[in-house]
Amino acid sequence: MIAALILGIVQGLTEFIPVSSTAHLILFPWFFNWSGQVDTLTFDIALHAGTLAALIFCFWRDWIDIFLKKQRLLGLIVFASIPAGIAGFFLNDIVGKSLREPLLISIMLVAVGVVMLVSEKAYKHKGMEKIGVKDAIIIGIAQAFAIIPGVSRSGITISAGLFRGFEREASARFSFLLATPIIAGATLLHLKKALDGHASYNCEIFAIGIISSFITGFIAIKFLLSFLKRYPLNLFVYYRFALSAIIIAGIWLKA
């Protein structure tokens, strides 16, 4: 139960803060030798359902406005979601079996951290209303790479937005809107697989994880939007570098 609560909190915070939620969900069981249902892809997806609920709760007014008045933005979100949707559909099993190694995660934490630092140099002041088709394509392709643990969906998409000259808050807001259909699709895909597998799950463990990820996800969204109005991504980059060093140390100690 404690492990489920901790992982729910970790998922809620790291799904939106650009430090890679998938990496943390893999690393915590690895560091603390947790096993069982909390160390499965199905539990990871359940936690993503909690953060999906947080996204909808935070942005439901935006979505109503988009559906009723901003169909162009809706089209761009749908268009930008295609690359990640394709990557998730065709590569998800490969990622689940082959790309969950701590060493790869440590490499991606550093690599994307460098991208985030460089993207800050391109920071300008374009608002989200200036997003065009080319911007949506580039941000959408960037999001597809987030299927690799350690990349961070929010980190890579916000960085792509900065490279396109958008302000940090606009990049983050578009990133969060873009996350909604992707997280929803991934949740439904894995839910279908879980139900087809006829495995038995502890509902209490899953409920604790989902509720805790929802609450902390809501807090993380509000925090990041406020933070990026005043500060760059550097703090999260330094955290990524430190975590990578800790992973390397952990690999050495476990060898």
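Above this text sits the structure in question.
Scoring rules and cut-offs
All residue numbers refer to positions counted from 1 along the written sequence of the respective chain. Given that the model is predicted, a residue must reach a pLDDT of at least 70 before its local features are reported, and side-chain atom pairs must reach 80 or more before they are shown or counted; all residues, however, enter totals for whole chains, interfaces and linings. Just so you know, side-chain values use all the structure's heavy atoms and leave hydrogens and water out. Helix and strand definitions follow DSSP, with helices as H or I runs of at least four residues and strands as E runs of at least two, each counted in order from the N terminus. Pairs of residues are marked as contacts when any of their non-hydrogen atoms sit within 4.5 Å. Calculation of accessible area relied on Shrake-Rupley with a 1.4 Å probe; when residues are assessed, cover is drawn exclusively from the protein chains displayed. Think of it in three bands: residues with accessible area under 20% of the maximum for their type are buried, residues over 50% are exposed, and the middle band is partly exposed, with areas taken using a 1.4 Å probe on protein chains only. Put simply, a nonpolar core is a bunch of buried Ala, Val, Leu, Ile, Met, Phe, Trp, Tyr and Cys residues held in one set by side-chain atoms that sit within 4.5 Å of each other. In what follows, salt bridge is the name for a side-chain nitrogen of Lys or Arg lying within 4 Å of a carboxyl oxygen of Asp or Glu. One less than the residue count of a helix, multiplied by 1.5 Å, gives the span that helix is expected to have. Patches in this entry comprise residues that are over 30% relatively accessible and not in a salt bridge; like charges within 9 Å are linked, as are nonpolar side chains (Val, Leu, Ile, Met, Phe, Trp, Tyr) within 5 Å. Stacked, tilted and edge-to-face are the three classes applied to pairs of Phe, Tyr and Trp rings, where Trp contributes its six-membered ring and a pair requires centres within 6.5 Å; stacked means planes under 30 degrees apart, edge-to-face means over 60, and tilted covers the rest. Geometrically, a lysine NZ or arginine CZ counts as sitting over a ring once it is within 6 Å of the ring centre and also within 35 degrees of the ring normal. By definition, a residue's bend is the angle between the axes fitted to the seven residues ending there and the seven starting there.

> Any details on the overall build of the chain? Residues and values, ideally.
Secondary structure assignment for the chain yields ten helices and zero strands. Mapped in sequence order, the helices and strands of the chain form the string α-α-α-α-α-α-α-α-α-α. Each principal axis of the C-alpha atoms in the chain carries an extent, and together these give about 45 × 40 × 30 Å. Once local pairs closer than 6 in sequence are excluded, the contacts in the chain between residues at least 24 apart make up 85%. By element, 71% of the accessible surface of the chain is carried by carbon and sulfur atoms, the whole surface being about 12,200 Å².

> Tell me about the environment of F79, and name the residues and values.
On the secondary structure map, F79 appears in helix α4 (residues 71-98). The exposure class assigned to F79 is partly exposed, which follows from its relative accessible area of 39%. Placed 136 residues apart in sequence, F79 and I215 show a C-alpha to C-alpha distance of 30 Å. Those residues in contact with F79 that lie beyond four places of it in its chain are V133 and I137.

> Residues and numbers for the nonpolar core, please.
Core analysis: the largest hydrophobic core is formed by 47 residues, its most contacted members being L55, F59, I77, F174, F176, I221 and F236. Among all residues touching F174, those that are not within four sequence positions of it are L73, I77, M128, I131 and I139. Of all hydrophobic cores here, the second largest spans eight residues; its members include L7, F43, A46 and L47.

> Requested: an account of the environment of M128, with residues and values cited.
Relative to the assigned elements, M128 resides in the loop between α5 (102-119) and α6 (133-144). Given the relative accessible area of 18%, M128 is considered buried. Setting aside its immediate chain neighbours within four residues, M128 contacts L73, A170, R173, F174 and L177.

> Let's hear about the pattern of salt bridges: which residues, and what values?
Under the definition given, this model contains seven salt bridges. Ionic pairing is found between R173 and D62, a salt bridge with its closest N-O pair at 3.4 Å. Placement of R173 in helix α8 (residues 168-197) and of D62 in helix α3 (residues 41-69) is noted, with a sequence separation of 111 residues between them. Its relative accessible area of 25% is what places D62 among the partly exposed residues. Across the pair D135 and R164 runs a salt bridge, and its minimum N-O distance is 2.6 Å.

> Go over helix α1 (residues 2-16), please, and point to the residues and values.
Spanning 15 residues, α1 covers 22 Å between terminal C-alpha atoms, matching the ideal 21 Å at 1.5 Å per step. Those residues of α1 not exposed but buried are A3, A4, L7, G8, V10, Q11, G12, T14, E15 and F16.

> So what's going on with a nonpolar patch on the surface? Residues and values would help.
Residues F79, I82, I86, F89, F90, L91, I94, V133, I137, I141 and F145 make up a contiguous nonpolar surface patch of about 1,100 Å² in total accessible area. Of all the secondary-structure elements, those providing two or more residues to the nonpolar patch are α4 and α6. Here the nonpolar patch gets seven residues from one element, more than from any other, and that element is α4. With respect to the element layout, I141 can be found in helix α6. Looking at I141, the relative accessible area reads 42%, which means it is partly exposed.

> Quick rundown of the packing of aromatic side chains? Include the residues and the values.
Following the criterion strictly, the structure yields twelve aromatic pairs and no others. Centre to centre, the rings of F16 and F176 are 5.5 Å apart; their planes meet at 90°, and the pair counts as edge-to-face. Of this pair, F16 sits in helix α1 while F176 sits in helix α8; the two residues are 160 residues apart in sequence, bridging distant segments of the chain. Assessed through its relative accessible area of 0%, F16 is described here as buried. Note on F176: relative accessible area 0%, which makes it buried. Cluster of aromatic residues (ring-pair linked, three or more members): F223, F227, Y231 and F236. It is K126 that lies over the ring of F166; its NZ or CZ is 4.4 Å from the centre.

> Which residues make up α4, and what values go with them?
One full turn of an α-helix is made of 3.6 residues, so residues set three or four places apart face in the same direction. With 28 residues, α4 ought to run about 40 Å at 1.5 Å a step, and its terminal C-alpha atoms sit 39 Å apart, in line with that. Of all the bends in α4, the greatest, near 65°, is centred on L91. Within α4, burial applies to L73, L74, L76, I77, A80, S81, A84, A87, G88, N92 and V95.

Geometric descriptors of this kind do not, in isolation, establish any biological role.
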